[in-house]
Amino acid sequence: MRWVGRPLPRYEDPVLLQGRGRYAADLAQGARILRFVRSPVARGRILAVNAPPEVPIVTVAVLGDVKPICPRLDRPDYVAVAQPILARDRVTYVGEPIAAVIADTAAEAEDLAEQVTVEIEAETPVVTLDQALAPGAPLVHDMAAENTLIDARFETSDVAAAFSAAHQVVEFTFTSGRQAAAPLEARGAVAAFDPATGRVTLSASTQMPHLLRTGIADALGIPESELRVIAPEVGGGFGQKMALIPEYVVAVWAARHFACTVAWIEDRLENLTASFHARDQRLHLRGAFDADGRLLAIDTDVLCNVGAYSNFPATCGVEPLMALADMPGPYQVPEYGARARGVASNTCPMAPYRGVSRPVITAAMERLMDCAAARLGLDALEIRRRNVITEFPHTSVTGVVHDPGSYREAMEAAARVVDFAQFRARQQKARADGRWLGLGMSVFAERTGPGTPTFAARRMVITPGFERVELVMDPSGFLEARIGSSPHGQGLKTTLAQLIADEIGVAPDEIRVIAGDTDRCPYGWGTFASRSLVIAGGACKLAAATLRERLQAVASQILEAAASDIEISDGRAFVRGTDLGVEMRQLARAAYHQSHRFPAIAETGLSAVGTYDPYGTFSNACHVAIVAVDIATGQVEIERFVVVEDAGRLINPMIVEGQIHGGVAQGIANALYEKVVYDDGGNISTGSLADYLVPTMAEIPKLEIHHLETLTEASVTGAKGVGEGGTIGAPAAVLNAVSDALAPFGVGIFEMPITPQRILQLLREAGCETQ
Amino acid sequence: MKPVSFRYFAPRTVDDALDLLATHGEEGKILAGGQSLVPAMNFRLARPTSLIDINRIDALDYVREGGGELRIGALARHARFEAPVTGGALSALLPQVARHIGHLPIRSRGTFCGSIAHADPASEWCLLAATLDAELVVVSRRGQRSLRPNEYFITALTTTLEPDELLTEIRLPLLDDNWRTGFSEFSRRAGDFALAMGAAFLRFEDGRIVEARIGVGGATDRPSRIAAAETVLTGTDGGPGVRHAAGNIAAETIDPLEDIHSSAPYRRDLVRAMVGRALDQALTR
Amino acid sequence: MSERQNVTFTVNGEKRVIRVEPRRSLADALREDCGLTGTHLGCEHGVCGACTVLLDDQPVRSCLMFAVQAEGTRVRTVEGLADGDKLHPLQQAFWDHHGLQCGFCTPGFLMLAVSILELDPDIAEPELREALSSNLCRCTGYQNILKSVLAAAAEMRK
């Protein structure tokens, strides 16, 4: 029985379907409730924090010797800034925590928090990129000149020459509106103090339990062994829960200080305004093309509004540095010049959000391709044919190595699925009837499963990457795999069980995957960067291969045959070509209780450790969107959306498709709906889900997914990561489609989200009568 | 996001409710559907110290015809209107409009009269009430009075309802089959607050429009009829040219709202489109 | 703080008596006073629908009702869907068709779907899409939620 490749229903599901999953808020029964008093202004000097005598408050003074959050990059173009756990002298964004109160219920805690008054001498904030970079602008942090926290550059030797020699230069400014990850479960944690041991167990909605333990222990100045961090059921993360946050530090501090159980459960207003944002970017892009439409060079200047602080551990450099390294994308770019900056402002800090910078740079490059194609009289497919990487391995101009992929094949397959010629005929006819249809595509490569080599290249001081898996068979023959990765909805426990099952020869329901508990699991990095199946999966496979050898050694002893003649299948070890065998259960019992018979496994018993730390592997896809634009209202309807993707070997195709569905939905949201809006005072106008437009089922069309499979040695399981692809490619396809629909009016789209109002404005500016 | 504390009352008769309103009406609120009030309370933007829950007053739960009118009691929920509640031109129109109100679970609880009492600019029923010149029956311990929409709507979320008054009934005129109707709404997502709505009621005689009621909502601080659009339609056959003109007039006449979802010029564009589409429906279906 | 008052109601067929402040939401009462944490809070302002339960057979957003309003009513939550070990057809369909990922929105969608199919067991796909647009999901992109409900509806019509 082979398990890899089967759409196995998930082991995670029955508990969740019956409402028995325990998320952070479900663990807060009986806990004292922590509520934060947050800054009402974006910038200013704190003069006083007052509370009635019967309302005890926790301020930074009360916290005592608690260290700020100060992530570092080992590079001179980065300025490290320190984020206090509670604001001391100044506030730097609306929502910044200043103090905390504790009560028996959430309602009472809100009542108490309202009684705390903060006197702040407000100052004019810098909110936008332009305000932050304006000459003489007030500094968010004194040590960061021009409010620039990171200023990275890259240039090959002949960029200027390439532009001079170009037949066509296409250039534009592309803007990405600020996004909020908005997982359905906001953040939250329960910190339980155990008087018997003095330890605190923090059950936290997080994607990175081990790093959280390290970060909180550092902040509080305690040994890591004093703290246990557990990620219970986590209701989505998308990167927003990939960070150390002051609220969790205070929760642990309070549990220790008051020797009780303390819970902080974030509400939606806090989550939309004061958690983490992402993708507030503006970039200028120039592409130099020869007469045949081949890229000679690209040049880009990327600005990222990273908010008031730098998130730990990714840092505020994550968006600009990714843009810098990966702008060329799936294309052959011989010469490249780039500058990428992270600019501070008096707004909510940024953290990586599914896709990070890739949705933006992909949208920009795909718009570049379509614009160049129009300029040169080529069609969208042809210009990409002439530029896409087809030979592997390919080392990009920035030194990124692309392992084998199907960048061109995916595109050709998409063109077959969506009959482009037929669409063009339909589009022509529709135009004659005053209906505006458009087709847009995007081709992209997604860097997945990056190990320490990749993060080290970014000069992170904390270099994530490896995953270690401890695999143990207990005396009943049941397997337990303890992993350092930490799922938040991806079905990792099912897919890893499928991998291990195949590798050893047992059924997946005889395998339990343990994740998210720092007391039980080996140190790992969590779930982000589309890494878990690649890296944790690779480690599982390696550990399982080793364990299988140990099982074969035991079986060979029991069955008196050579280990090389032992096969394991369907939970039974047997001598190949015979009926002679032993059930796993008996084998395991013997190994534990008659260990003297098995000197070969004396050191390890029935256990194995696997460690995997790959360079990473590129998955790829082509997205095609067909839209209809109503030029009376600006409304965009997506008629059809097709994905042809290549994620190598699909361990569980159903789960892979689920990841693509979710990613594409967020990508469509990014393209058409979602934007965090700040006013000039640094206050958020989109503080509810009525105003921050997370799409419903009505806004997301049926998605058609097709698969290619390119196997590569870059991933020991053959699987490539797939978690972020949907978000990366979808906005570009939608923006290109809307641009195609409006091409007859001379309107092209260089921003996201592109709203109905903006479409009408662009049409008007182009001199068009819309009604 | 938990509300501030309040005293809770659940009267079983209108008289009991009125007594409570007389005492607590200033700092208290009526709780009917709660689909608008409770979110505001959870954000602590609304902070009533008393809630008078009228959901137990069975006598207010009715929709009935009488005296040429459709009489809608204070507890009639939006969901009730998803199927026809009357004949004539309102038979198909009310369900068409009801489908746009929020989502299914909101319609389970929210009430027609509650929507009028709340007076959100994006309220579909407020638009219908204004366009059809509905009669609003308002009672207090001081007595009963009737209001017409132009005496009732002041601005967004603000009406002439006194703190001790309860809106107990709305009366819509019954419309016979000589009336043709249309309704169109624009929102960003399914179920969202309307950024603009158009409602068209056209009475025909011998193929010509003898009476026109054109209403715009969602785009202004309160719903209103567009008299100039009605004039341009009256006496015509309602062809595309005059429909287009009516849409333009509506767009130019209104004083549009501005917010993060829509600028003033964009709201005008939407009004033009929604009025146009409402008229198209009235003429072509 | 206001005086607590008794609320007597039926939850998943079982009579419950709880003592709560008037401002206690039905969602919080189910979660904390009844210990049924399957109903989740995603926004507390009536947009996401994660808190959806059935009250006297109607789908309602339990974050927008106060527990005191539930006096004398019959409430159904996700915990009452399965029949012992046997999953409700909707639960089974969501499992078979990967209709959930993180699971946080799932109880709300299940209860919404129960009410939709009770109101109209033969509901056509376009109307079903519209009805299911009541709730938000951030993980699945909605594809498999629709697929699951359609599959369950077909199964339940047998």
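The structure this text deals with has already been given above.
So, here is what we can say about the structure in this document. (Residues numbered from 1 in each chain as written. Chains lettered and ligands numbered in written order. Predicted model: local features only at pLDDT ≥ 70, side-chain atom pairs only at ≥ 80, totals over all residues. Heavy atoms only, no water.)

## Quick word on the interface of chain A and chain B
Line of reasoning, step 1. Contact with chain A, which involves 35 residues of that partner, is made by 24 residues of chain B.
Line of reasoning, step 2. Surface buried jointly by chain A and chain B totals about 2400 Å² across both partners, of which 53% is contributed by carbon and sulfur atoms.
Line of reasoning, step 3. The interface formed by chain A and chain B holds six salt bridges in total.
Line of reasoning, step 4. Linking A:Asp111 and B:Arg44 is a salt bridge whose minimum nitrogen-to-oxygen distance equals 2.8 Å. (Contact = heavy atoms within 4.5 Å. Buried area = accessible area lost by both parts, 1.4 Å probe. Salt bridge = Lys/Arg side-chain N within 4 Å of Asp/Glu carboxyl O.)

## Thoughts on the sheet that holds strand E27 (residues 636–646) of chain A
Residue and element names in this part refer to chain A.
Line of reasoning, step 1. Read across the open sheet, the four strands follow the order E18-E26-E27-E28; overall the sheet is mixed. At either margin of the open sheet sits one strand with a lone partner, and together these are strand E18 (436–448) and strand E28 (703–708). Across this sheet, the average inter-strand angle for adjacent strands is 15 degrees, counted without regard to direction.
Line of reasoning, step 2. Looking at chain direction, strand E26 (residues 617–629) and E27 are connected through 10 bridges and run antiparallel. Pairing of Val-624 across the sheet is with Val-642, part of E27. (Pairing = 2+ DSSP bridges. Helix = DSSP H or I, 4+ residues; strand = E, 2+ residues; numbered from the N terminus. Axes fitted to C-alpha atoms, helices over the stretch in contact; angles between N-to-C directions.)

## Looking at the sheet that holds strand E1 (residues 7–9) of chain B
All names here are of chain B.
Line of reasoning, step 1. Across the sheet, three strands lie side by side as E1-E3-E2; this open sheet has parallel pairing. Here the strands that pair on one side only, and so sit at the sheet edges, are E1 and strand E2 (28–31). Within the sheet, the average angular offset between the axes of one strand and its neighbour, ignoring direction, is 20 degrees.
Line of reasoning, step 2. Inspection of the sheet shows E1 paired to strand E3 (residues 50–53) by three bridges, in the parallel sense. Bridge assignment links Tyr-8 to a residue of E3, and that residue is Leu-51.

## Observations concerning unusual backbone geometry
Residue and element names in this part refer to chain A.
Line of reasoning, step 1. For the bond from Phe-392 to Pro-393, the omega torsion is -5 degrees, close enough to zero to count as cis.
Line of reasoning, step 2. You can see Pro-393 is positioned in the loop between helix H11 (380–385) and strand E16 (394–395).
Line of reasoning, step 3. Between Met-752 and the following residue, Pro-753, the backbone shows a cis peptide bond with an omega angle of 0 degrees.
Line of reasoning, step 4. You will see that Thr-315, though not glycine, has its phi angle at about 75 degrees, which is positive.
Line of reasoning, step 5. Residue placement: Thr-315 occurs in the loop between strand E14 (295–307) and helix H9 (318–326).

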